[in-house]
Amino acid sequence: MAGHGISVWGSLNIDLTVRVQAFVRPGQTVPGQSFHTFTGGKGGNQAVAAARLGADVRMIACVGDDLYGEMYRDVLRREGVDASCLSIKRDASTGTALIEVEDSGENRIVVVAGANARLTTAAAVRYSEVLSQSAYLLMQLETPMDGVLAAAEAARSAGVTVIMDPAPVRPLDEALLRLCDYVTPNETELQALTGMPVGTLEQAERACRELLARGAGAVVNKRGAEGALYVDRDGAFHVPAFAVKAVDTTAAGDTFNAALAVGLDGGMSVREALRFANAAAGLSTTGLGAQTAMPDWNSVEDTIRYNKLRKFIQHL
Ligand code: ADP
C-alpha cells in the first residue's frame, strides 16, 4: 500500500550563469559582467518547491563525487528535503548547465547530464521500497527513460499517485502514459506530444483527450498567464491564473507540479489543488532564478485569500 509524503525522481543540475555584453566568438576572450551559481534541474526544483510548501519530501537522484554534488546535498538538507537516496557516481560529474546570458536577453546553454544519465532502472530497483512508501511520485524527463518507466512501475504497483511532467518533451510510450495518474504538459509540450493545435481552450481540450486515449489518467495543460486546463474522462474545467508581475518564469512549471502534489497530499480536491498550484507557480515568477522565489505555504494561502477578498470587493 502507498505510504505518505512525496518522492521526487529526477535531475539535479548546477547552473553556472555568466552575463556578457555580447556572446564570445571562437578564439575570443571577453570580460563577463557577473557570475552566479544556482541549484537547478527539474527534479531538484520540484523537490525544493514541495519542501518549501511544507511537504515531507525525499529526492531520488544521482550526483558526481565532486564539490557540486556536496553542494546540492547541503542545499537539499537545508531546504528540508530527505537526501538519503542520492547516489554518488564516482566516475561522473554532477549535472551542470553552463549558461551565457547576453545583454539582449538571449541565452546560450550547454547542459552536461553527467550523473543524471545514471538514474536508470538499477536505481528504481535499489529504491523500490522508498518509491512504494510514498503517497505521490513527481517525475520529469531529464533522466533516462528506462529509469523513469521502472520508477513509475514500482510506485504505481504500490498504489502511489504518479504525476509526470513531460519536460523536456520526448515521445511518450503508451506503457508509460498508462502508469501516469496526471500528465502535465505546457502548451508547447502538449502540441509536440499530439501534433494538434492547442491555442484555444477547446483545441487544448481535444489534444488532452488524445493523451487520455493513449492511457493517461488525467491531463493538466499548464497555460502560463492563462492558468491551467484540467481534463479527465468525466469532463474538463479551466482554472485561471493569478494576476502577478512575472519577472522570471524559470521553474514556474516545476513549482506548479510540486504544489499540485502538496495540495492533493494535504487533502484538497483536484480543483482546489490546481488553484493552489496556480497561486504557487504565479508567485514563483515574481523573483529571479529557479528556486529563489519559490513560495512557502503561508504566502500561497495569503495570495488565495487576498484574491478572494479582491473579487468580493469588486462585486460590492
Ligand atoms: P512551464 O513553466 O512548464 O513552461 P507555464 O509557462 O505554463 O509552464 O507555467 C506554469 C504555471 O505557472 C502556469 O500554469 C501558471 O499557474 C503559472 N504562471 C506562469 N506564467 C504566469 C504568469 N505570467 N502569470 C501568472 N501565472 C503564471
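Each chain has its residues counted from 1, running along the sequence as written. This being a predicted model, a pLDDT of at least 70 is required before a residue's local features are given, and a value of 80 or more before pairs of side-chain atoms are given or counted; all residues contribute to the totals for chains, interfaces and linings. With hydrogens and water excluded, all non-hydrogen atoms of the structure serve as input to the side-chain values.

### Some words on unusual backbone geometry
Thought 1: Here Ala-167 and Pro-168 are connected by a cis peptide whose omega angle stands at -10°.
Thought 2: Secondary structure follows DSSP: runs of H or I at least 4 residues long count as helices, runs of E at least 2 residues long count as strands, and numbering of each begins at the N terminus. Locating Pro-168 in the fold gives a position in the loop between strand 9 (161-164) and helix 6 (174-177).
Thought 3: Positive phi, normally seen in glycine, also occurs at Ala-251, with a value near 70°.

### What to know about the pattern of salt bridges
Thought 1: Take a side-chain nitrogen of Lys or Arg and a carboxyl oxygen of Asp or Glu: if they are within 4 Å of each other, that pair is a salt bridge. Summed over the entire model, instances satisfying the criterion amount to 12 salt bridges.
Thought 2: Arg-305 serves as the salt-bridge partner of Asp-302, at 3.4 Å between the closest nitrogen and oxygen. Separated by 3 residues within a single helix, Asp-302 and Arg-305 lie in helix 11 (residues 297-314), roughly one turn from each other.
Thought 3: Among the residues examined, Asp-302 registers a relative accessible area of 43% and is labelled partly exposed. Burial status follows relative accessibility: with a 1.4 Å probe on protein chains alone, a residue under 20% of its type maximum counts as buried, one over 50% as exposed, and anything between as partly exposed.

### So, the environment of Ala-258
Thought 1: Tracing the chain through its elements places Ala-258 in helix 9 (residues 252-265).
Thought 2: Taking the C-alpha atoms as reference points, Ala-258 and Val-8, 250 residues apart in sequence, are found 9.2 Å from one another.
Thought 3: By the convention used here, residues are in contact when the closest approach between their heavy atoms is within 4.5 Å. Non-local contacts of Ala-258, meaning those with residues more than four positions away in its chain, are made with Gln-46, Ala-49, Ala-50 and Leu-138.

### Observations concerning the site of the ligand
Thought 1: Any residue with a non-hydrogen atom lying within 4 Å of a molecule or strand is treated as near it. In the vicinity of the ligand lie 16 residues, with Asn-186, Gly-224, Gly-227, Gly-253 and Asn-278 positioned nearest.
Thought 2: At a separation of 3.4 Å, an oxygen atom of the ligand approaches a polar backbone atom of Arg-223.
Thought 3: Within 3.5 Å is the distance limit for a polar contact, defined as a pair of N or O atoms, with the added protein rule that one can donate a hydrogen and the other accept it, and that residues adjacent in sequence qualify only through two side-chain atoms. In this structure, Gly-253 approaches the ligand through a main-chain N or O atom, which is 3.0 Å from an oxygen atom.
Thought 4: Surface exposure here means Shrake-Rupley accessible area, sampled with a 1.4 Å probe, where a residue is shielded only by the protein chains that are shown. Look at the ligand: alone it shows 550 Å² of surface, and the protein chains cover 82% of it.
Thought 5: Those elements that place two or more of their residues in the shell around the ligand are helix 9 and helix 10 (270-284).
Thought 6: Gly is put with the polar residues, along with every residue not named as nonpolar or charged; the nonpolar set is Ala, Val, Leu, Ile, Met, Phe, Trp, Tyr, Cys and Pro, and the charged set is Asp, Glu, Lys and Arg. Looking at the shell around the ligand residue by residue, the class counts come to 8 nonpolar, 6 polar and 2 charged.

### What about the side chain of Thr-194?
Thought 1: With respect to the helices, strands and loops of the structure, Thr-194 is situated in helix 7 (residues 187-194).
Thought 2: When near neighbours in sequence (up to four residues on either side) are disregarded, Thr-194 contacts Ala-207, Glu-210, Leu-211 and Arg-214.

### Structural notes on the sheet that holds strand 3 (residues 34-40)
Thought 1: One requirement defines pairing of two strands: DSSP has to find at least two bridges between them. Taken together, the 4 strands give an open sheet; going across it, the order is 3-2-6-7, and neighbouring strands pair in mixed fashion. Of all strands in the sheet, those bounded by a partner on one side alone are strand 3 and strand 7 (107-112). Taking the axes of each pair of neighbouring strands and ignoring which way they run, one obtains an average angle of 15° across the sheet.
Thought 2: Pairing of strand 2 (residues 13-20) with strand 6 (residues 95-102) involves 8 bridges; the strand directions are parallel. Note that in strand 6 the partner of Thr-17 across the bridge is Ile-99. Each axis is a line fitted through C-alpha atoms, and for a helix only the stretch in contact is used; angles between axes span 0 to 180 degrees, taken between their N-to-C directions.

### Section: the packing of helix 10 against helix 11
Thought 1: At a minimum axis separation of 9 Å, helix 10 and helix 11 run at an interaxial angle of 110°. Here helix 10 lies roughly perpendicular to helix 11, going by the angle between them. In contact with Arg-275, Phe-276, Ala-279, Ala-280 and Leu-283 of helix 10, helix 11 contributes Trp-297, Ser-299, Val-300, Glu-301, Thr-303, Ile-304 and Lys-308.
Thought 2: Of the residues assigned to the contact of helix 10 with helix 11, the class counts are 7 nonpolar, 2 polar and 3 charged. Note on terminology: angles under 35 degrees are roughly parallel, angles over 145 are roughly antiparallel, angles of 65 to 115 are roughly perpendicular, and the others are oblique.

### Examining helix 9
Thought 1: One fewer than the residue count of a helix, multiplied by 1.5 Å, yields its expected span. A rise of 1.5 Å per residue sets the reference length of helix 9, with its 14 residues, at 20 Å; its end C-alpha atoms lie 20 Å apart and thus fit the reference within 8%.
Thought 2: Extensive coverage of helix 9 is indicated by the burial of 12 of its 14 residues.
Thought 3: Taken residue by residue, helix 9 has Ala-252, Asp-254, Thr-255, Phe-256, Asn-257, Ala-258, Ala-259, Leu-260, Ala-261, Val-262, Gly-263 and Leu-264 as its buried positions.
Thought 4: Following helix 9 by one or two positions, Gly-267 has its phi on the positive side, about 95°.

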